[in-house]
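The chain contents come next:
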Amino acid sequence: MAIPILRAAIIPHSQPLLHSSISGGIDETAKKKKRLLLPCSSSSSELNPAIRSEVSFSVGSCLLPHPDKVDRGGEDALLVSNYNGGVLAIADGVSGWAEEDVDPSLFPRELLANASNFVEDMEVNYDPQILIRKSHAATSSTGSATVIVAMLEKNGILKIANVGDCGLRVIRNGSVIFSTSPQEHYFDCPFQLSSERAGQTYLDAAVSDVELIEGDTIVMGSDGLFDNVFDYEIVSTIATYRDVTEAAKALANLARIHATDSNFDSPYSLEARSKGYDAPLWKKILGMKLTGGKLDDITVIVGQVVSS
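About the thresholds
- Residues numbered from 1 in each chain as written.
- Predicted model: local features only at pLDDT ≥ 70, side-chain atom pairs only at ≥ 80, totals over all residues.
- Heavy atoms only, no water.
- Salt bridge = Lys/Arg side-chain N within 4 Å of Asp/Glu carboxyl O.
- Helix = DSSP H or I, 4+ residues; strand = E, 2+ residues; numbered from the N terminus.
- Buried < 20%, exposed > 50% of the residue type's maximum accessible area, 1.4 Å probe, protein only.
- Pairing = 2+ DSSP bridges.
- Expected span 1.5 Å × (residues − 1).
- Polar contact = N/O pair within 3.5 Å; in protein donor to acceptor, adjacent residues only side chain to side chain.
- Core = buried A, V, L, I, M, F, W, Y, C linked by side-chain atoms within 4.5 Å.
- Contact = heavy atoms within 4.5 Å.
- Axes fitted to C-alpha atoms, helices over the stretch in contact; angles between N-to-C directions.
- Parallel < 35°, antiparallel > 145°, perpendicular 65-115°, else oblique.
- Left-handed = near helix turned anticlockwise from the far one by under 90°.
- Nonpolar A, V, L, I, M, F, W, Y, C, P; charged D, E, K, R; others polar.

K.L.:
So what exactly am I meant to see when it comes to the pattern of salt bridges here?
P.N.:
Any two side chains of opposite charge can pair, given that their charged atoms come close. Counting across every chain of the model gives 14 salt bridges. One salt bridge connects Lys134 with Glu123, and the closest N-O pair in it is separated by 3.0 Å. Of this pair, Lys134 sits in helix 3 (residues 128–138) while Glu123 sits in the loop between helix 2 (106–118) and helix 3, and the two are 11 residues apart along the sequence. Judged by relative accessible area, which is 15%, Lys134 ranks as buried. Measuring nitrogen to oxygen at the nearest pair gives 2.9 Å for the salt bridge that ties Asp231 to Arg169. Highlighted residues: Asp231 in helix 5 (residues 231–240) and Arg169 in strand 7 (residues 167–172), separated in sequence by 62 residues. Asp231 gets classed as partly exposed once you look at its relative accessible area, which sits at 27%. Residue class for Arg169 comes out buried when judged on its relative accessible area of 12%. Shared partners join several salt bridges into a network, and the residues in it are Lys69, Asp71, Arg72 and Glu75.

Now the structure itself:
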């Protein structure tokens, strides 16, 4: 993501096909089937409180670094934890810090390493907003990152906290039934947690609860996914793959294809034009418009809700 630094301004960021091993569960592919309680209807649960099914996530992930950052593994981090029904997170490092001789990957990686350590903390109490607070407070690296955390409870409720423009979609029966909304100061300048006082905090997080059922699929990604792939493409791609890891890889590869296609009218180019950005005048005279994807690190997590 190419963003300005939030000290007095703001910064950029990105991610890889490699995976980091942050203790507790950063991984390119993580699969787990665990039990969660799904509430029965009120009448049957009162009569039969003992009969309930449990659900959890079966998870696949893929990280594709910006082509210029492959040797460094990109600047994003992801967390996949099997605790409770499943804890998923993505942190997208702001790459503008590289201009100040700071490695932009250090802040997001430490942030999610801390999140992994705090997942079972009693004070966190399985609250993604509090997990962000404690993880941010424990992070000492210089830098900034956007971040999204999703935690699946044993009652089937997915709790989400998001700062910036990483995103999440819930897909049910071939339709997107829930989407997070990006937070930004202005175009291409999202909210971000930072080592600097000018950044956002956990209090700025957009918080949502979504009730999931068996068969639902969630797609979580950095802006490298959502800037380059439309929701209808996400839905059709997910429908093509039964394996969550293959689905995550397919989405990441599709985002990379669109990002390198100067003629593709991407979500990013559509937003840019809506904010007043456009092609140079001479191109407009020739009937051309601003098109193309956004080359970036791409991080994708696909989670399918399963029961046992």
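After that view of the structure, there is still more to cover.
K.L.:
Please clarify how unusual backbone geometry should be interpreted in this entry.
P.N.:
Peptide bonds are, in most cases, trans, and in most cases residues other than glycine have a negative phi. Backbone geometry at Asp101 places phi at a positive 60 degrees, although glycine is not the residue there. Mapped onto the elements, Asp101 comes out in the loop between strand 4 (87–93) and helix 2. With a relative accessible area of 76%, Asp101 lands in the exposed category. Phi is positive for Tyr126, close to 55 degrees, though the residue is something other than glycine. By the secondary structure assignment, Tyr126 is in the loop between helix 2 and helix 3.

K.L.:
I keep staring at the pairing of strand 5 (residues 144–152) and nothing clicks. Help me out?
P.N.:
Looking along a regular strand, one sees side chains alternate from face to face of the sheet. Extensive coverage of strand 5 is indicated by the burial of nine of its nine residues. Two strands pair when backbone bridges link them, and strand 4 and strand 5 are joined in this way by seven bridges, in the antiparallel orientation. Residue Leu88 lies in a different strand from strand 5, and its bridge partner there is Ala150. The pairing of strand 5 with strand 11 (residues 193–194) spans two bridges and is classified as antiparallel. Directly across from Ser144, in strand 11, lies its bridge partner Ser194. Relative to strand 6 (residues 157–163), strand 5 runs antiparallel, the two being bridged by six bridges. Paired with Met151 across the bridge in strand 6 is Lys159. Joining the antiparallel neighbours strand 5 and strand 6 is a turn of four residues, in which Gly156 adopts a positive phi near 90 degrees.

K.L.:
Please explain the pairing of strand 4 as it appears in this structure.
P.N.:
Where burial is concerned, most of strand 4 is hidden: seven out of the seven residues are buried. Covered by surrounding structure in strand 4 are Val87, Ala89, Ala91 and Gly93 together with Leu88, Ile90 and Asp92, the residues of both alternating faces. Pairing geometry for strand 3 (residues 76–81) and strand 4, over six bridges, is antiparallel. Looking at strand 4, one finds that Ala77 is bridged to Ala91. Between strand 3 and strand 4, which follow one another and run antiparallel, lie five residues, and Asn84 among them has a positive phi close to 60 degrees.

K.L.:
Whenever I open this one, helix 6 (residues 244–259) confuses me. Can you help?
P.N.:
What sets the pattern is the α-helix's 3.6 residues per turn: residues three or four places apart point alike. Taking 1.5 Å of rise per residue, 16 residues should cover 22 Å, and helix 6 covers 22 Å from first to last C-alpha, within 8% of that figure. Here helix 6 lies mainly inside the structure; 12 of its 16 residues are buried. Every buried residue belonging to helix 6 is among Val244, Thr245, Ala247, Ala248, Ala250, Leu251, Ala252, Leu254, Ala255, Arg256, His258 and Ala259, and all of these are buried. With a side-chain oxygen positioned 3.0 Å from the backbone nitrogen of Thr245, the residue opening helix 6 is Asp243.

K.L.:
Honestly, the nonpolar core in this entry has me stumped. Any pointers?
P.N.:
Within soluble globular proteins, side chains that are nonpolar tend to cluster in buried spots. Counting residues in each nonpolar core, the largest one holds 24 residues, and the members touching the most others are Leu112, Leu131, Val147, Val149 and Leu193. Only strand 3, strand 4, helix 2, helix 3, strand 5 and strand 6 provide two or more residues apiece to this core. In terms of nonpolar packing, the next biggest core, distinct from the first, is built from 23 residues, Val80, Cys166, Ile218 and Ile301 among them.

K.L.:
Hey, could you run me through the environment of Val176 in this one?
P.N.:
One can find Val176 in strand 8 (residues 175–179). On a C-alpha basis, the gap between Val176 and Val235 in space is 7.4 Å, while along the polypeptide they are 59 residues apart. Apart from residues lying up to four places away in sequence, Val176 is in contact with Arg169, Val170, Ile171, Asp231 and Val235.

K.L.:
In this structure, what is going on with the packing of helix 2 against helix 3? I would like to understand it.
P.N.:
How two helices sit against one another is set out by the angle between their axes and by the gap between those axes. Packing of helix 2 against helix 3 leaves a shortest axis separation of 8 Å and a crossing angle of 125 degrees. The angle between helix 2 and helix 3 places the two elements in the oblique class. Crossing hand, helix 2 versus helix 3: right-handed. Of helix 3, the residues touching helix 2 (which contributes Phe107, Glu110, Leu111, Asn114, Ala115 and Phe118) are Leu131, Lys134, Ser135, His136 and Ala138. Across the contact of helix 2 with helix 3, the residue classes break down as six nonpolar, three polar and two charged.

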